[in-house]
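Survey of secondary and tertiary structure
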Amino acid sequence: MELDGEMVIHSSTRNRLLLLKAYAPAFRHAGWFGYGTHATDSFPPNIPHLPESARSMDVLRIVDNSYLLFGLRFGWLGMCLLIMMLGTSIWTGVKLTNDRTLSGLTGPLAGAIAATSLAMLTVFMSDDFAFPLFWTAGILSGLASTRSQGHLLRIS
């Protein structure tokens, strides 16, 4: 297959790596706020700076990297906020594992977010797993908030 004037070998395994190469110029030009939901709700996305080869767009039309799609849709700022939210959720879950009142709940929740964060490199972020991901991050946030308020009440 030809991508940006260069012949590359395509397979189902290399597809995720070729996505990064094909959509890198569009991502660089996405800017701080991206192209928006309307431009990225179809596949291939209706955005500028995509490869001109019809063959490469037919093969690489679905963006199977959630971070890349999030970056195209919401820009650099949106992707950085997503990564920060996932990172702080994992960190919060790990820090809460020492609290005996939570009965070992936060470690598995942090592990689930970490595993999902890695899986997002190879899958499209659909509502089927985006909602449970954000819900789990919210649970960890609520547990941290409750623990923080409990400590404040015991001190005063």
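Note that the coordinates shown come from a computational prediction; the quantities given were computed from them, not determined experimentally.

Procedures and definitions
- Residues numbered from 1 in each chain as written.
- Predicted model: local features only at pLDDT ≥ 70, side-chain atom pairs only at ≥ 80, totals over all residues.
- Heavy atoms only, no water.
- Helix = DSSP H or I, 4+ residues; strand = E, 2+ residues; numbered from the N terminus.
- Buried < 20%, exposed > 50% of the residue type's maximum accessible area, 1.4 Å probe, protein only.
- Areas by Shrake-Rupley, 256 points an atom, 1.4 Å probe, with all protein chains shown as cover.
- Axes fitted to C-alpha atoms, helices over the stretch in contact; angles between N-to-C directions.
- Parallel < 35°, antiparallel > 145°, perpendicular 65-115°, else oblique.
- Left-handed = near helix turned anticlockwise from the far one by under 90°.
- Contact = heavy atoms within 4.5 Å.
- Nonpolar A, V, L, I, M, F, W, Y, C, P; charged D, E, K, R; others polar.
- Expected span 1.5 Å × (residues − 1).
- Bend = angle between axes of the 7 residues up to and from the residue.
- Polar contact = N/O pair within 3.5 Å; in protein donor to acceptor, adjacent residues only side chain to side chain.
- 1 Å grid on protein atoms, 1.4 Å probe; cavity = no way out; pocket = protein on both sides within 12 Å on 5 of 7 lines; lining within 4 Å.
- Points joined across faces, edges and corners; volume = space filled by probe spheres on them.

This part takes up the overall build of the chain. A tally of helices and strands in the chain yields 6 helices and 2 strands. Listing every helix and strand of the chain by position from the N terminus yields β-β-α-α-α-α-α-α. Residues classed as buried in the chain amount to 36% of the 156 residues present. Total accessible area on the chain is roughly 9300 Å²; 64% of this is exposed by carbon and sulfur atoms.

Looking now at the packing of helix α4 (residues 66-95) against helix α5 (residues 106-119). For the pair α4 and α5, the least separation of the axes is 9 Å and the interaxial angle reads 155°. Here α4 lies roughly antiparallel to α5, going by the angle between them. The handedness of the crossing between α4 and α5 comes out as left-handed. Every residue of α5 that contacts α4 at Y67, L86, S89, I90, G93 and V94 is listed here: T106, G107, A110, I113, A114 and S117. Looking at the contact of α4 with α5 residue by residue, the class counts come to 7 nonpolar, 5 polar and no charged.

Given a rise of 1.5 Å per residue, 30 residues ought to cover 44 Å, yet the end C-alpha atoms of α4 are separated by just 27 Å, more than 12% below that figure. The principal kink in α4, of about 130°, is found at F74. Between a side-chain oxygen at the N-terminus of α4 and the backbone nitrogen of Y67 the separation is 3.0 Å; the capping residue is N65.

Let us look at the packing of helix α1 (residues 15-28) against α4. Put simply, α1 and α4 touch, their axes get as near as 10 Å, and they point 40° apart. What the angle tells us is that α1 and α4 run oblique. For the pair α1 and α4, the crossing hand works out as right-handed. Between α1, through L19, L20, Y23, A26, F27 and R28, and α4, the contact on the second element is made entirely by L68, G71, L72, W76 and M79. A per-class count over the contact of α1 with α4 returns 9 nonpolar, 1 polar and 1 charged.

It is the rolling of a water-molecule-sized probe over the atoms that shows where space remains empty. Here the largest pocket is characterised by a volume of approximately 150 Å³. Lining the largest pocket, in full, are S66, L69, F70, R73, F74, F124, M125, S126, D127, A130 and F134. Where the lining of the largest pocket is concerned, the elements lending two or more residues are α4 and α6 (127-155). Top contributing element to the lining of the largest pocket by residue count: α4, with 5 residues.

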